Amino acid sequence: MKQSLLYTLLFALLLTSCKKDNEKIDDQQQNTSSGTLSDDEKPDSLATKAEVKESVPPAIQENGFYNAFPIPKDKKQRDSLYAIFSKKYTERERYAILALNRLDSKSKWNSDTLVVPAKIDTTLMAYSPFPMQLDVLSDVKKFVVFSYPIQAYAVYSNGALVKWGPTSMGKKTAQTTRGLMFANWKKKLAISTVKSEWKLPYNFNIHNTGGIGWHQYDLPGYPASHSCLRLLMNDAKWLYNYADTWILNPGGATKKANGTPVIVFGDYPWGKRKPWRNLLNDPNANNISVEEMTNLIKPHVEKMVAEQTNREKVADSIQAAKAMEVKAPIEEPEASN
């Protein structure tokens with residue numbers, strides 16, 4: 001009996017202790033859920049301020065990061081959003097934003113998300129994925145390069161980047177030829193050999209037998225051409241005036257000199273995320289290093305410089321010949337007796 005009574009008392013004490021512990025736990029949970037914390041549990045005030053500062057948009061803007069501008073599928077919602085987009089950004093800023101997304105104004109909603117820089121540079125130079133200087137090109141006066149992986153082109157003069165912009169290159173079933181080529185002939189308005197109704201403003205041929213050239217045409221936000229290099233109108237005009245054409249012999253049957261060198265390189269990530277979308281996670285995601293560009297260009301430098309020198313000599317000789325024709329005295333007919 002005494003032993004049973006002792007066990008009963010011990011069990012009662014254990015139940016009382018457990019009840020008190022549970023009440024203590026419940027009180028702590030209620031305090032936490034209501035937002036009241038003990039002095040030991042309160043976070044440091046400085047740490048709290050730092051956390052808030054990290055989420056403030058201006059901090060992102062200072063670092064030149066990019067933000068996502070989602071586009072709804074519903075047409076009415078898109079139209080409403082476009083009104084907001086137009087009000088928030090100037091025409092030049094909208095042009096720059098679309099260019100970063102490889103789009104023209106006609107195809108502005110051909111995407112479900114726009115990548116928008118926190119700070120807009122309408123020249124695009126602040127967002128260049130290409131190196132600002134390439135010493136390997138120091139002796140090359142004019143050079144144009146097209147990158148398939150990021151659907152962008154760049155222009156260098158003696159190694160200094162002077163311009164870059166978006167492009168839409170050959171689709172998967174009609175890809176643009178890679179490698180070193182030279183600018184050939186140009187025409188302000190060419191007609192496509194694929195479909196006669198396709199008008200190609202400021203066309204500049206770079207592969208005569210393949211019929212490949214750069215020109216203005218729709219930029220839908222992905223490689224969509226039939227092997228040509230599509231450009232925005234302003235870029236097509238600029239390159240039309242910048243690059244040098246070939247020089248042909250009299251009659252045009254043979255070539256005396258090549259035009260501006262052009263390199264097309266790399267491959268597009270077919271079926272994967274658009275490369276410029278990666279800027280939302282990493283602002284340097286599309287950057288091409290100096291080393292990569294140097295390795296790409298270096299094997300062709302000797303040929304580019306040789307062609308450049310030859311063109312200059314041919315151009316000088318033609319100019320000199322024209323000058324001689326102008327200066328040549330006109331022979332007077334002899335007077336008859």
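From a predicted model like this one, the values you see are computed outputs, not experimental measurements.

Visitor: Run through the sheet that holds strand S10 (residues 229-231), naming residues and quoting values.
Guide: Spatial strand order, S7-S8-S9-S10: 4 strands in an open sheet with mixed pairing. Each edge of the open sheet carries a strand with a single partner, namely strand S7 (186-191) and S10. For this sheet, the mean inter-axis angle between neighbouring strands, taken without regard to orientation, is 35°. Pairing of strand S8 (residues 199-207) with strand S9 (residues 212-216) involves 3 bridges; the strand directions are antiparallel. Directly across from histidine 207, in S9, lies its bridge partner isoleucine 212. Against the sheet, helix H6 (residues 233-242) makes contact with S7, S8, S9 and S10, and its axis sits at roughly 45° relative to S8, the strand it touches most.

Visitor: Quick rundown of the layout of surface pockets? Include the residues and the values.
Guide: Estimates place the volume of the largest pocket at around 350 Å³. Along the walls of the largest pocket sit 21 residues, with Ser192, Thr193, Leu200, Gly211 and Cys228 positioned nearest its centre. Put simply, the parts of the chain that give the lining of the largest pocket at least two residues each are S7, S8 and S9. In the lining of the largest pocket, the residues fall into 9 nonpolar, 11 polar and 1 charged. Empty space within the second largest pocket amounts to approximately 300 Å³. Taken together, 19 residues make up the lining of the second largest pocket; nearest its centre are Tyr95, Leu98, Asp104, Ser105 and Lys106. Elements with a minimum of two residues in the lining of the second largest pocket: helix H4 (75-88), helix H5 (91-100) and H6.

Visitor: An account of the environment of isoleucine 97 is requested, with residue identities and associated values reported.
Guide: Mapped onto the elements of the fold, isoleucine 97 is located in helix H5. Looking at isoleucine 97, the relative accessible area reads 0%, which means it is buried. Along the backbone, isoleucine 97 and leucine 114 are 17 residues apart, and their C-alpha atoms lie at a distance of 7.8 Å. Beyond its immediate chain neighbours, meaning those up to four positions away, isoleucine 97 contacts Phe85, Tyr89, Leu114, Val115, Val116, Pro117 and Ile120.

Visitor: Describe helix H7 (residues 290-327), naming the residues involved and giving the relevant values.
Guide: Taken as a whole, H7 carries its principal kink of about 50° at histidine 300. Within H7, burial applies to Met293, Ile297, Val301, Met304, Glu307, Gln308, Arg311 and Val314. In this structure, the buried residues of H7 make contact with strand S3 (143-147), strand S6 (179-182), strand S11 (247-248), strand S12 (255-257) and strand S13 (261-265).

Visitor: How would you sum up the packing of aromatic side chains? Please name residues and give values.
Guide: Applying the stated criterion to the full structure yields 15 aromatic pairs. Centre to centre, the rings of tyrosine 82 and tryptophan 109 are 5.6 Å apart; their planes meet at 85°, and the pair counts as edge-to-face. Placement of tyrosine 82 in helix H4 and of tryptophan 109 in the loop between H5 and strand S2 (113-117) is noted, with a sequence separation of 27 residues between them. We classify tyrosine 82 as partly exposed; its relative accessible area is 29%. Given a relative accessible area of 18%, tryptophan 109 falls into the buried group. The interplanar angle of 80° and the centroid separation of 5.3 Å between the aromatic rings of tyrosine 202 and tyrosine 240 together place this pair among those described as edge-to-face. Within this pair, whereas tyrosine 202 is found in strand S8, its partner tyrosine 240 is found in helix H6, the two being separated by 38 residues in sequence. Taken together through their ring pairs, the aromatic side chains of Phe146, Tyr153, Tyr202, Phe204, Trp214 and Tyr240 make up a single cluster. One cation-aromatic arrangement involves lysine 142 over tyrosine 242; the distance from NZ or CZ to the ring centre is 5.1 Å.

Visitor: Just give me the short version of the side chain of histidine 215, but keep the residues and values in it.
Guide: Mapped onto the secondary structure, histidine 215 falls in strand S9. The contacts of histidine 215, once residues within four sequence positions are left out, are Leu200, Pro201, Tyr202, Asn203, Cys228, Leu229, Arg230, Leu231 and Ala236.

Visitor: Before we move on, could you go through the nonpolar core and cite the residues and values that matter?
Guide: Ranked by internal contacts, the top residues of the largest apolar core, which has 52 residues, are Phe130, Phe146, Trp214 and Ile297. The dominant element in this core, judged by the number of residues it contributes, is strand S4 (residues 152-157), at 5 residues. Counting residues in hydrophobic clusters, the runner-up holds 11 residues, among them Phe69, Ile71, Phe85 and Leu103.

Visitor: Which residues make up the side chain of serine 225, and what values go with them?
Guide: Here serine 225 is to be found in the loop between S9 and S10. A polar contact is formed between the side chain of serine 225 and the backbone nitrogen of serine 227, at a distance of 3.2 Å. Each residue touching serine 225, except ones within four places of it in the same chain, is listed here: Ser168, Met169, Gly170, Lys171, Ala174 and Arg230.

Basis of the calculations
Residues numbered from 1 in each chain as written. Predicted model: local features only at pLDDT ≥ 70, side-chain atom pairs only at ≥ 80, totals over all residues. Heavy atoms only, no water. Pairing = 2+ DSSP bridges. Helix = DSSP H or I, 4+ residues; strand = E, 2+ residues; numbered from the N terminus. Axes fitted to C-alpha atoms, helices over the stretch in contact; angles between N-to-C directions. Contact = heavy atoms within 4.5 Å. 1 Å grid on protein atoms, 1.4 Å probe; cavity = no way out; pocket = protein on both sides within 12 Å on 5 of 7 lines; lining within 4 Å. Points joined across faces, edges and corners; volume = space filled by probe spheres on them. Nonpolar A, V, L, I, M, F, W, Y, C, P; charged D, E, K, R; others polar. Buried < 20%, exposed > 50% of the residue type's maximum accessible area, 1.4 Å probe, protein only. Bend = angle between axes of the 7 residues up to and from the residue. Phe/Tyr/Trp six-rings, centres within 6.5 Å; stacked < 30°, edge-to-face > 60°. Lys NZ or Arg CZ within 6 Å of the ring centre and 35° of its normal. Core = buried A, V, L, I, M, F, W, Y, C linked by side-chain atoms within 4.5 Å. Polar contact = N/O pair within 3.5 Å; in protein donor to acceptor, adjacent residues only side chain to side chain.

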